[in-house]
Each structure stands twice: as C-alpha cells, then as structure tokens.
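A closer look at the structure
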Amino acid sequence: MPRRNWAGNVRYSARRFHRPTDVDQLRRLVAGAERVRVVGTGHSFNRFGDTPGDLVSLAGLPPEISIDPERRQVTVTAALRYGDVATRLHAEGYALANLASLPHISVAGAIATGTHGSGERNGNLGTSVAALEFVTADGDLRRVDRDADGEVFAGMVVGLGALGVVTRVTLDLLPTFEVRQYVRLDLPREHVAEALGSAYSVSLFTDWRTPRINQVWRKQRAGEPAPPPDWLGTTPADAPQHPVPGMPTRNCTPQLGVPGPWHERLPHFRLGFTPSSGDELQSEYHVPRSAAAEVLAALDPIAHLIAPVLQICELRTVAADRLWLSPNHHRDSLAVHFTWVDDPAVVLPVVAAVEERLAPWHPRPHWGKVFGLDPSRVAAAYPRYADFAALLTRLDPRGVFRTELLDRYFPR
Ligand SMILES: Cc1cc2nc3c(=O)[nH]c(=O)nc-3n(C[C@H](O)[C@H](O)[C@H](O)COP(=O)(O)OP(=O)(O)OC[C@H]3O[C@@H](n4cnc5c(N)ncnc54)[C@H](O)[C@@H]3O)c2cc1C
C-alpha cells in the first residue's frame, strides 16, 4: 500500500496501514481505532484524508459490480476505479451520466470530494449516487438511501471521508451511448460561454499566455452534427492533442470525431495508460456559471503570475445539485481548474492570488485539491455548512475520522 499520494506532495502520516479482506475485519478495525481514515486511489492533493492513526485501503475487499435492471442502478464496492466499473457497465449495455478526466480514481474517493466532469446539464459524480453503505464510527454497518433518508443522504454524499467508511455505492444508470470528441484550437475569449454550452461535455484549456483559449474539447453525443469548419472562430485540430502542450497524446482518449463508447470519450485520459506518479499540483474553484466572463477578466491582471507556474488551466461546467458540501450546491457552476508545476513554494503564493481575485464570486474550492482559503470564507460559501458540521458531530462523536485539516475547516 503506497505511503504517499499519487502526486507525492502528501506523505501519509499514519502509524499503521491496513488492507482488510472482509467487511467484518474493517468493522472491528474502525470500532477499535482511536483515529482512522480510508484512502481510495490517493489522487487527491491535500491532507483532508491524512490521519496520524490507522490508514485503511479497501482494495482487498472482494470487488462487486451488481446491476439491478429493474431499478436501472448498479451497486459497486467502494474501492473500484470508475474506469473498471464503466467498462463492465458498457459491456452490459449501460452508462453513467458522466466521468472525470481520469478513469483511475476510486468511486468512493471521487464522490467524497465532489469530483466532477463537465456539461451544463451534468451534475457532479455524486449526483448519480442513489445509496451508500458505510461503516459508522462505532463499527456498525449502515445504509442511507436517497429516497428514504433524503436530508441525511444529501449531507453524506460529498462527505470528505469524515462521516464513515463507505463500503458500497449504488449509482443510477443510463442506457449506453456513443460520444464523438472534437478538439478545436484558438477560441476567442468572447465565445467562452457559447462554447461551454455547445455539447454534452465541453472542456476549455488555456495557458494564460494569451487571452485566447488554446483548446476546446467538445464531447458530443454521436448523433449530433460535427462543428462546422469555422465554428466560433476556431480551427479544427488535425491530429490528436494533449491538454498540456508537449505531453504524449497516446495517453489521451480518441479525438478527431471518431465515435466510441461514453467511457472511452468522456474522460480525457485512457484507462490503459497508468501514470505511476504525477509531477503536478492541482487547484480548482467553482464559481457561478453566469459570471464566466467576469471571472476570467478578474484573473487577467494576474495572468503574468499564473502562466510561469502553470502546466494548464481547464474550464468546465457543472449543473447545480442539492448535496450539502457539493461545490455545485444550488449553483450552476463554472469550474476553474489549474494544473500547476510540482513546486509548492512557487505555486502557493499564486494560489493565494487566484483566491483573492475570485473572492467576489464566493469560490468553492475542490475538496480534493490544493487551496488555502480561510475557513470562514469557505463556510460562508455553503448554506448548509453548519448542518454538515452538526452531522459530523452526530455521526462521529468520538472524532475517529477527524484529521488536522478537517478540524481546521470544521472546528469541534
Ligand atoms: C490526474 C488527475 C485528474 C483528476 N481529474 C479530476 C476531474 O476531472 N474532476 C475532478 O473533480 N477531480 C479530478 N481529480 C481529483 C480527484 O478526482 C479527487 O481528488 C478524488 O478524491 C480522487 O479519488 P481517490 O480515490 O484517489 O481519493 P483519495 O485521495 O484516496 O481520497 C480522497 C478522500 O476521500 C476519502 N475516501 C476515500 N475512500 C473512501 C471510502 N471508501 N469511504 C470514505 N471516504 C473515503 C479519503 O479519506 C479522502 O478524504 C483529478 C486528480 C488527478 C490526480
């Protein structure tokens, strides 16, 4: 079991590492622990999940993907990677509504941090969750259901790993579908909003070196017409692209409008290529989608700070939802993402500058990435923050799942 996260910027400070092979072992472990946390695939960039006590991987539990055709839902074990779930679902004729850019992340770890893909009508990955099975702080096994436990359920889905150990997740299914991915180059800034709304899932990439958007990744349902040659002033890419200039395009999902199944087009990166470690840091802020133009204009004055420490910036959209700690809670969102160079000393001051510039829009940071916003500002951006804090205390009175960073944002 790795002792560091994928990016290598977090060395886990746990005293003991565990890999239980059945749920009863896991329950005993949690019940007997002073402090415990689960790690998924370790793709987050901060210390929310870093415990000084026992760190547990669920990768040793028997994997399960169980489809219920009547309810059109699938129940999966928490540690499975989205990519593995998706491959099986497609083979059985089903799809999930959306995926993140990387299919290698665990289902429970992704949901816990509000992970998302893109699309004005697509909610984050947590919005497909219909039920969660979890081990409580006392070691009991419980289930919360969207229909039966409405309010608590809305509080638990984006749970930061702090409410229990999620063992199984039930997800809504769609019939499988095909997607074609087109990459267009050099989008003028004035067309950003139109481009973002132009297809099922759209990502814009910019390096902040010019006001133009370097690349538009348009992932459209296969039946929709291809963008015309002069679409929004862009030019069509005539070869596969990587979002970060100079990186190998063979790691990316097929482009050039070649139709293929949803799970091989909605992520940017292929499941078959596993980057062993990441020489990068990431930050991301969700702001109201309607403010896209103003938000980009607000960052212009610090473009000269951003560009030298940036690998690439990505703009995506996420539909509003009702999950308490979702960065998209009751707000159709623009997600402004930064893949930084792998050097906290030069990156953190720029992160602070970005946060300052975004302040008027009450930015909600991605819970799995690097941010430094003051807890009072994060709390003010979430109408249900205090309810989540109360749920934390109710479900984990012993503070078993508490970590230093969690205590900073949700003081006891
Ligand atoms: C290359 C790359 C691309 C990315 N692309 C995207 C993207 O497109 N969109 C996006 O929104 N994010 C993206 N992310 C961020 C990533 O999706 C999140 O950080 C996500 O949390 C990673 O899942 P994980 O399983 O690796 O989580 P981990 O880092 O292992 O854990 C994250 C949190 O979840 C908790 N947790 C994990 N498993 C459980 C469980 N079973 N029960 C309870 N709590 C649990 C942990 O304790 C921790 O607090 C990307 C990250 C990388 C490195």
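The text that follows walks through the structure, step by step, so that each part is easy to find.

Rules of the game
Residues numbered from 1 in each chain as written. Predicted model: local features only at pLDDT ≥ 70, side-chain atom pairs only at ≥ 80, totals over all residues. Heavy atoms only, no water. Helix = DSSP H or I, 4+ residues; strand = E, 2+ residues; numbered from the N terminus. Rg over C-alpha atoms; globule rule 2.2 N^0.38 Å. Buried < 20%, exposed > 50% of the residue type's maximum accessible area, 1.4 Å probe, protein only. Contact = heavy atoms within 4.5 Å. Areas by Shrake-Rupley, 256 points an atom, 1.4 Å probe, with all protein chains shown as cover. Lys, Arg positive; Asp, Glu negative; His and termini not counted. Charge placed at Lys NZ, Arg CZ, Asp CG, Glu CD. 1 Å grid on protein atoms, 1.4 Å probe; cavity = no way out; pocket = protein on both sides within 12 Å on 5 of 7 lines; lining within 4 Å. Points joined across faces, edges and corners; volume = space filled by probe spheres on them. Nonpolar A, V, L, I, M, F, W, Y, C, P; charged D, E, K, R; others polar. Expected span 1.5 Å × (residues − 1). Phe/Tyr/Trp six-rings, centres within 6.5 Å; stacked < 30°, edge-to-face > 60°. Lys NZ or Arg CZ within 6 Å of the ring centre and 35° of its normal. Polar contact = N/O pair within 3.5 Å; in protein donor to acceptor, adjacent residues only side chain to side chain. Pairing = 2+ DSSP bridges. Axes fitted to C-alpha atoms, helices over the stretch in contact; angles between N-to-C directions. Near = heavy atom within 4 Å.

1. Looking at the overall build of the protein chain
When its secondary structure is counted, the protein chain shows 11 helices and 19 strands. Relative to the compact-globule value of 22 Å for 412 residues, the protein chain shows a C-alpha radius of gyration of 20 Å, a close match. Across its three principal directions, the C-alpha atoms of the protein chain cover 60 × 45 × 35 Å. The buried share among the 412 residues of the protein chain stands at 57%. Taking all contacts inside the protein chain whose residues are at least 6 apart in sequence as the whole, residues at least 24 apart take part in 72%. Counting every atom, the protein chain has about 16,300 Å² of accessible surface; 52% of that belongs to carbon and sulfur. Across the protein chain, the centroid of the 45 positively charged side chains sits 2 Å from that of the 45 negatively charged ones.

2. A short note on the environment of Phe48
Residue position: Phe48 is located in the loop between strand E2 (36-39) and strand E3 (54-57). As a C-alpha pair, Phe48 and Asp407 span 359 residues in sequence and 9.2 Å in three-dimensional space. In this structure, Phe48 is in contact with Arg37, Leu160, Trp367, Phe371, Thr403, Leu405, Leu406 and Tyr409, ignoring residues within four places of it in sequence.

3. Side note on the layout of surface pockets
Put simply, the second largest pocket is a space of about 360 Å³. In terms of lining, the second largest pocket is formed by 22 residues, of which the most central are Pro2, Gly40, Thr41, Gly42 and His43. Each residue belonging to the lining of the second largest pocket can be placed in one class, and the counts come to 9 nonpolar, 10 polar and 3 charged.

4. Concerning helix H8 (residues 344-358)
Between its terminal C-alpha atoms H8 stretches 20 Å, which fits the 21 Å expected from 15 residues at 1.5 Å a residue. Buried within H8 we find Val347, Val350, Val351, Ala353, Val354, Glu355 and Leu358. Buried residues along H8 sit against strand E16 (281-288), helix H6 (292-299), helix H7 (303-306), strand E18 (333-340) and helix H9 (375-380).

5. Some remarks on the packing of aromatic side chains
What the rule picks out here adds up to 15 aromatic pairs. Centre to centre, the rings of Phe48 and Phe371 are 6.2 Å apart; their planes meet at 25°, and the pair counts as stacked. With Phe48 in the loop between E2 and E3 and Phe371 in the loop between strand E19 (364-365) and H9, the pair connects residues that are 323 residues apart, well separated along the chain. Plain terms: the ring middles of Phe371 and Tyr409 are 5.4 Å apart, the flat faces sit at 65° to each other, and that makes the pair edge-to-face. Taken together, the positions of Phe371 in the loop between E19 and H9 and Tyr409 in helix H11 (residues 404-409) put the pair 38 residues apart, joining distant regions of the chain. One residue, Arg364, lies across the ring of Tyr382, its end atom 4.9 Å from the ring centre.

6. Side note on the side chain of Thr51
Structurally, Thr51 can be placed in the loop between E2 and E3. A polar contact of 3.0 Å, which involves the side chain of Thr51, links it to the backbone nitrogen of Gly53. Those residues in contact with Thr51, other than ones at most four positions away along the chain, are Ser13, Ala14, Arg35, Val36, Arg37 and Thr403.

7. A few points about empty space enclosed by the protein
Counting across every chain of the model gives 2 cavities of 30 Å³ or more. Roughly 40 Å³ of volume is contained in the largest cavity. If you go around the largest cavity, the residues you meet are Asn98, Leu99, Ala100, Ser101, Gly117, Ser118, Ser201, Ser203, Lys219, Leu266, His268 and Arg316. Volume-wise, the second largest cavity comes out at about 30 Å³. Forming the boundary of the second largest cavity are Arg189, Thr206, Trp208, Thr210, Pro211, Arg212, Ile213 and Leu296. When its residues are assigned to classes, the lining of the second largest cavity shows 4 nonpolar, 2 polar and 2 charged.

8. Brief notes about the sheet that holds strand E4 (residues 65-68)
Two orientations exist for strands paired in a sheet by backbone hydrogen bonds: parallel and antiparallel. In spatial order, the strands read E4-E5-E9-E7-E8; together these 5 strands make up an open sheet with antiparallel pairing. In the strand order of this sheet, the two ends are held by E4 and strand E8 (141-145), each with one partner. For this sheet, the mean angle separating the axes of adjacent strands, direction not counted, is 15°. Pairing geometry for E4 and strand E5 (residues 73-77), over 4 bridges, is antiparallel. Across the sheet, residue Ser66 finds its bridge partner in E5, namely Thr75.

9. So, the site of the ligand
If you check the shell around the ligand, you find 35 residues, and the closest are Val38, Gly40, His43, Ser44 and Ser106. Gly42 places a main-chain nitrogen or oxygen 2.8 Å from an oxygen atom of the ligand. Within the contact set of the ligand, an oxygen atom lies 2.9 Å away from a backbone nitrogen or oxygen of Gly109. If the ligand stood free it would expose 970 Å²; the protein chains cover 96% of that surface. Secondary-structure elements contributing two or more residues to the shell around the ligand are E2, helix H3 (107-112) and strand E9 (165-172).

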